[in-house]
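In case you want the letters, here they are:
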Amino acid sequence: MDNAKREAIENALSRRSFITGVGAAALGVAGAGMLASCAPGGNGEAPEKAGDGSAEPAASEAAAKTSPYDGFELYEFVTADETVEADVVVIGSGTGGLVPAINLAEEGYSVVLLEKMSMWGGNTNFAEGCFGVGTEMQKEQGIEFDWHELLLQELNFQNFNSNPKIWELYIKHSAEDFKWFTDHGVKFEGVFGPGGGAETWHLFEGHHGDSAVAAMIPAAEAAGVDLRQEVKALGLLMEDGVCVGVQAQDKRGSIIDFKAKETIVATGGTSENHDGLMQTTNRNIDRTSYQGGPGHDGDGLGMVAQALAETPKDVMMALIGSTIAGARISSHLGLAAGCEPKVLWVNHNAERFIDETMSALQLTAVNNALLTQSDAFAIMDQALWTSLETEGVTFGL
């Protein structure tokens, strides 16, 4: 491959797309996501075009007997009914999958994108907006930031319990990502500062990510991406320690080997996989519940763990909102107990432990306070209860 083609595909693959999670509750857990690339030799080099004369890869290596990723069943490979060849196969149709798929297809590479669900977009459908620093929209409104200061704010908020290098890359490339979105038809309604914080949250049109997905799917089709819905990836095909594609099953039950020089795993959240979260985060998972959309079972993490025979690293988990056990965060009761600034919050000693107005100002911050207490209770008198019944809650989702 000449240097120009190599540089083009590496630029496409290195774009930092906004990886947005769907909120949940009780506390509430956002999709703990992952974006991985299984590349020949593990060196990140661009694939040669399909049909370049390279040797046909052998059958997949036998699966390991035990999985390094809890809550995931090891996949036993079978003889495929069909084989499809492409330069790149992408697993997942959220922004983490659509962005590289479109980029690579626009550069002239054959790309197949697999989505296991019956709708496109994954977690992105539930995202209200995305992060950005130094975007054209911010510049038009006179909004300026020192990215070093923003990075320090994030690290302080998490008590430095986050990866600073990932956050640095996320911030520094976010303006480029935002421009990519707008260049591909994604529309935004404005910039907002959650909880009175920095104005970095760019709201999608309609305040839902499904509008972004609706713009990117036609862009993918126009670029020539082979889009396949209701095709579930089952396991990464490995040959001599190198990923050569993925074995998948379509809705008819047919097994298909997708052979590719580059495989991108962008399967989104693992929030429904309790055991997997227990293994990959230091959060108190037993006090959280998942209340997002279906399909966030960590299958992508499991496939990568099986292929590499190691536990996944850098799994991000964000707690979003609070409610009471058994109630959805979006329910009237859940909002009244967990997001109502007029309610008193006390611990098992009947002591207040936080300014309750924070529940309406900064949904994520209150979770850190809640997790410092062995128990927490929402206290209200009859007058407030009646007001919440007749007038509604102060803060709604």
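The shown structure was predicted, so the numbers you read here are calculated from the model rather than taken from an experiment.

Draft legend 1. Summary view of the overall build of the chain. The number of helices and strands found in the chain is 13 helices and 12 strands. Within the chain, the fraction of its 397 residues that count as buried is 46%. Considering only contacts in the chain between residues 6 or more positions apart, those separated by 24 or more positions represent 72%. Accessible area of the chain: about 18600 Å², with a carbon and sulfur share of 50%.

Draft legend 2. A look at the sheet that holds strand S6 (residues 201–204). Read from one edge to the other, the open sheet built from 3 strands follows the order S4-S6-S5, with strand pairing classed as antiparallel. In this open sheet, the two strands that pair with only one neighbour each are strand S4 (129–131) and strand S5 (188–192). On average, adjacent strands in this sheet sit at an angle of 25° to one another, irrespective of strand direction. Sheet topology places S4 next to S6; 3 bridges connect them, and they run antiparallel. Residue pairing for S6: Phe131 is matched across the bridge by Trp201. Sitting on the sheet, helix H6 (residues 174–183) touches S4, S5 and S6, and the angle it makes with S5 is about 160°.

Draft legend 3. Focus on the nonpolar core. Counting 31 residues, the largest nonpolar core has Val111, Phe181, Val186, Phe188, Met216 and Val225 as the members making the most contacts within it. Listing elements by their share of this core, those giving two or more residues are strand S2 (82–91), helix H2 (95–106), strand S3 (111–115), H6, S5 and helix H7 (210–223). Considering every element that reaches this core, the biggest residue donor is H7, with 7 residues. In terms of nonpolar packing, the next biggest core, distinct from the first, is built from 20 residues, Ala86, Val89, Val231 and Phe258 among them.

Draft legend 4. Focus on the packing of aromatic side chains. Taken as a whole and assessed by the stated rule, the structure comprises 11 aromatic pairs. For the pair Tyr75 and Phe77, a centre-to-centre distance of 4.9 Å together with 75° between the ring planes defines the contact as edge-to-face. What makes Tyr75 buried here is its relative accessible area of 14%. Pairing Phe192 with Trp201 gives two aromatic rings, centres 5.8 Å apart and planes at 50°, and the pair type is tilted. Through successive ring pairs, a cluster of aromatic residues spans Phe178, Trp180, Phe181, Phe188 and Phe204.

Draft legend 5. Representation of the pattern of salt bridges in the model. Applying the stated criterion across every chain yields a total of 11 salt bridges. Asp297 serves as the salt-bridge partner of Lys116, at 3.1 Å between the closest nitrogen and oxygen. In this pair, Lys116 sits in the loop between S3 and S4 while Asp297 sits in the loop between helix H8 (274–280) and helix H9 (299–308), placing the two residues 181 residues apart along the sequence. Judged by its relative accessible area of 24%, Lys116 falls in the partly exposed class. Here Lys139 ties to Glu136 by a salt bridge, and the two come within 3.8 Å at their closest N and O atoms. Here Lys139 pairs with Glu136, and both are found in helix H3 (residues 136–140), just 3 residues apart, close to one helical turn. Accessibility expressed as a relative area gives 52% for Lys139, which makes it exposed. When its relative accessible area of 49% is taken as the criterion, Glu136 is described as partly exposed.

Draft legend 6. Layout of H6. Inspection of H6 places Ser174, Asp177, Phe178, Trp180 and Phe181 among the buried residues, and these make up the whole buried set. Looking straight down H6, one finds its buried side chains confined to an arc of 160°; they lie on one side. Looking at H6, the residues exposed on the side facing more than 90 degrees away from the buried face are Lys179 and Asp183. Of the residues one or two after H6, Gly185 is the one with positive phi, at around 90°.

Draft legend 7. Region of the structure containing the environment of Pro312. Secondary-structure assignment places Pro312 in the loop between H9 and helix H10 (332–338). Taking the relative accessible area as the measure of exposure, Pro312 reaches 14% and is therefore buried. Separated by 36 residues in sequence, Pro312 and Gly276 place their C-alpha atoms 9.4 Å apart.

Draft legend 8. A look at the confidence of the model for the chain. Chain-level pLDDT for the chain is 79 on average; 79% of the residues reach the 70-or-more range. Of the regions scoring below 50 in pLDDT, residues 12–65 engages in 185 contacts with residues more than four places distant in sequence or in other chains.

Conventions we followed
- Residues numbered from 1 in each chain as written.
- Predicted model: local features only at pLDDT ≥ 70, side-chain atom pairs only at ≥ 80, totals over all residues.
- Heavy atoms only, no water.
- Helix = DSSP H or I, 4+ residues; strand = E, 2+ residues; numbered from the N terminus.
- Buried < 20%, exposed > 50% of the residue type's maximum accessible area, 1.4 Å probe, protein only.
- Contact = heavy atoms within 4.5 Å.
- Areas by Shrake-Rupley, 256 points an atom, 1.4 Å probe, with all protein chains shown as cover.
- Pairing = 2+ DSSP bridges.
- Axes fitted to C-alpha atoms, helices over the stretch in contact; angles between N-to-C directions.
- Core = buried A, V, L, I, M, F, W, Y, C linked by side-chain atoms within 4.5 Å.
- Phe/Tyr/Trp six-rings, centres within 6.5 Å; stacked < 30°, edge-to-face > 60°.
- Salt bridge = Lys/Arg side-chain N within 4 Å of Asp/Glu carboxyl O.
- Arc of directions from axis to C-beta.
- pLDDT = per-residue confidence, 0-100.

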